[in-house]
Amino acid sequence: MPTITQGDLYTATLEVVEHPPLGVPALDGGPREAVVRLAGQRSLVRILDGGDGRDLDLVLPGGYRHRHGRVRLTAHRLSEGVFAIKADERRIALLRLRDPALGMPAFDPERNHHPALRPTRPLRWRRGRVAGMVSPWEALRLGVQVALPIMAQGAVVRRRLGVRLAALIKADTRANRLLARLRDRHDGGPLLIRIPLRGWAVIPVKEADVRRVLHGAEFTPANKEKRGALGHFQPDSLLITRDPELRARRRTFNEEVLRPEPIAAEIRRKAAEEMATLPTDGVLTWSRFNEAHWRMARRIVLGDPARDDEAVTRLLNRLRADANWFYLRARKTDVRVAFQRRIERHLRRAEAGSLARVLAQTRADPAVHPEGQVPHWLFAYDSAAIATWRALALLAVHAGPHDPEHLRAAVLESLHRWPTTLAILRDTTAPTRWRGVTLPEGSVVAVITSFTDEVPFSDGPAGCPGEDLVLLTATEVLGAILRDREVGAIIRRSPLDHFGLRFAVRPRER
Ligand code: HEM
């Protein structure tokens, strides 16, 4: 046994004596390899691979707040090279030192702490101490140039004035420029921001980090703000389901129902019929198009008899206007119940050729709440309308063939240039490590879609299950409009302002 010297590093074995409800993975399963630095008041035990593929740091003695309360870990020397690790007064593990070891990185308790334990002293907001942590000034700029335009446009239902202003000041270009600058300044990010009353926020600015967020199991789409917003009108929907097991079942259900193949011919017919109600000569405006698109969406989702049920759309939009304010607006339970009842009346008919029929034919246990998924489908068809309208602007400006391939490419291009989901939010369900720091569970991660390639439909386990349905519908809508009309765009502002986008149309000569 080497002589033990304070400050030296040792390899060691940590053997569990007792397992209190610490929730420390490394203490759960038998002896573990550890590296130890004994340093008087603040000794470090780094347990190699804390059970989840990551190393685990315990600081001894030290106070840690844990979800079961505050736990104080101390090391008590029993004999030469053997220490008892105590959690408060209970001996929970034995630590046997073996050899001096080399190569431990410098230990900084502010950066290294166990993922399952929160340090009593939170990470402090000091610029430069942690890579990626933005300064208060940078945080303010992110708030004004990135978050504010999203809020002003409306995260759930677009506001005419907000969208107009965003287009006027080119809010998306400005936001992207700032993010690019901060990415370079912070060495590729991610950007870590401390938000008062909310905790930590992360903005991934590298594709690899975006992929990690969209694919990683430790990031739930049922983020707090999203639950606050979507809870106004779709509290049982897949996107804000927190329980992983229930989420998986709802996901399967959505994927099964939203396959476009069984209703493809009906989508074509409904798109053609509704677009035929638009003028072939004169000016095409957003409001005319939007009304026609809603009639079509109601027919596709709820069946033909829902075509003229404008009340269901009105109720939905009223609730969505509240959703723009997240938790700040009170829930209008009466409006929501009226909305849901209306939907259920349509669903009961299970009209052939509609999603309502496919829903009725798809097996699901009651916990999945099939009817509770439908508000999202109606709501999301609104994004399809916006993306289609902007795609029409691209097609009007760039002449080209109007075959389905080309039309589909225009829709995808429209979504890449002007994503309809402005930010994809996730909450962390476990402490997560970002370039040397561990952020606590419950931190918010925001993928800014305009700054990221390839995510208009998101990706990973919560990627949009309606993508094929949307692309088919949008292609049919564009095909139907262009079949009968020559279309020229009257573009006064960026197509980002879809409200202001208009088209001059005249009958197509055959
Ligand atoms: C242009 C149209 C659309 C776009 C750009 C789009 C995009 C997206 C995005 C980005 C997400 C992920 C959101 C997040 O993680 O917060 C999502 C989720 C989802 N979308 Fe779409 N969507 C569109 C239309 C639709 C339509 C029409 C439907 C259904 C008829 C639909 C069904 C869903 C569902 C059920 C989810 C939740 C997936 C999950 O949580 O696993 N979407 N969509």
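- Under an unreviewed UniProt entry, the protein has the name DUF2357 domain-containing protein and belongs to Nonomuraea africana.

**Topic: the overall build of the protein**
Then comes step 1: Secondary structure summary: the protein contains 15 helices and 19 strands in total.
Then comes step 2: Put simply, the protein has 510 residues, and 52% of those count as buried.
Then comes step 3: Counting contacts in the protein only where the partners sit at least 6 residues apart, residues at least 24 apart contribute 66% of the total.
Then comes step 4: Of the roughly 23,000 Å² of accessible surface on the protein, a fraction of 52% belongs to carbon and sulfur atoms.

**Thoughts on the packing of aromatic side chains**
For any pair of aromatic rings, the description consists of the separation of the ring centres together with the inter-plane angle of the planes.
Then comes step 1: In total, this model carries seven aromatic pairs according to the counting rule given.
Then comes step 2: A ring pair is formed by Trp-286 and Phe-289, whose centres lie 6.0 Å apart and whose planes are at 50°; its orientation type is tilted. Here Trp-286 pairs with Phe-289, and both are found in helix H9 (residues 286–302), just three residues apart, close to one helical turn.
Then comes step 3: Here the aromatic residues Trp-286, Phe-289, Trp-389, Phe-499 and Phe-503 are joined through ring pairs into a cluster of three or more.
Then comes step 4: Geometry around Trp-434 places Arg-212 over its ring, the cationic atom sitting 4.2 Å from the centre.

**A few points about the sheet that holds strand S13 (residues 282–284)**
Then comes step 1: Strand order in the open sheet made by the three strands is S13-S19-S18, with antiparallel pairing throughout. Only two strands of the sheet have a single partner each, and these edge strands are S13 and strand S18 (485–490). Each strand of the sheet is rotated relative to its neighbour by a mean of 35°, with strand direction disregarded.
Then comes step 2: Judged from the six bridges that link them, S18 and strand S19 (residues 502–507) form a sheet pairing that is antiparallel. Each bridged residue has a counterpart across the sheet, and for Glu-486 the counterpart in S19 is Arg-506.
Then comes step 3: Packing against the sheet, helix H13 (residues 374–397) makes contact with S13, S18 and S19, and its axis sits at approximately 100° to S18.
Then comes step 4: In the packing of helix H15 (residues 467–484) onto the sheet, the strands contacted are S13, S18 and S19, and the crossing angle to S18 comes to about 105°.

**Let's talk about the packing of H13 against helix H14 (residues 404–417)**
Then comes step 1: Between H13 and H14, whose axes approach to 8 Å, the crossing angle comes to 110°. Looking at the two axes, H13 sits roughly perpendicular to H14. In the packing of H13 onto H14, the handedness of the crossing is right-handed. Packed against H13, whose contacting residues are Ala-387, Arg-390, Ala-391, Leu-394 and Leu-395, the element H14 presents His-406, Leu-407, Ala-410, Val-411, Glu-413, Ser-414, Leu-415 and Arg-417 at the interface.
Then comes step 2: Across the contact of H13 with H14, the residue classes tally to eight nonpolar, two polar and three charged.

**Considerations on the confidence of the model for the protein**
As a note on interpretation, predicted positions should not be read in detail where pLDDT is low.
Then comes step 1: Per-residue confidence for the protein gives a mean pLDDT of 86, with 84% of residues at or over 70.
Then comes step 2: Low pLDDT, under 50, characterises residues 63–69; the stretch is placed with 24 contacts to residues that sit more than four places away or in other chains.
Then comes step 3: Every residue in residues 103–128 scores below 50 in pLDDT, and together they form 74 contacts with partners more than four places removed in sequence or on other chains.

**Examining helix H5 (residues 207–215)**
Then comes step 1: The complete set of buried residues in H5 reads Asp-209, Val-210, Val-213 and Leu-214. For H5, the angular spread of buried residues about the axis comes to 130°, placing them on one side.
Then comes step 2: Of the surrounding secondary structure, the elements contacted by the buried residues of H5 are strand S12 (219–220), strand S14 (423–428), strand S15 (432–434) and strand S17 (444–448).

What counts and what doesn't
Residues numbered from 1 in each chain as written. Predicted model: local features only at pLDDT ≥ 70, side-chain atom pairs only at ≥ 80, totals over all residues. Heavy atoms only, no water. Helix = DSSP H or I, 4+ residues; strand = E, 2+ residues; numbered from the N terminus. Buried < 20%, exposed > 50% of the residue type's maximum accessible area, 1.4 Å probe, protein only. Contact = heavy atoms within 4.5 Å. Areas by Shrake-Rupley, 256 points an atom, 1.4 Å probe, with all protein chains shown as cover. Phe/Tyr/Trp six-rings, centres within 6.5 Å; stacked < 30°, edge-to-face > 60°. Lys NZ or Arg CZ within 6 Å of the ring centre and 35° of its normal. Pairing = 2+ DSSP bridges. Axes fitted to C-alpha atoms, helices over the stretch in contact; angles between N-to-C directions. Parallel < 35°, antiparallel > 145°, perpendicular 65-115°, else oblique. Left-handed = near helix turned anticlockwise from the far one by under 90°. Nonpolar A, V, L, I, M, F, W, Y, C, P; charged D, E, K, R; others polar. pLDDT = per-residue confidence, 0-100. Arc of directions from axis to C-beta.

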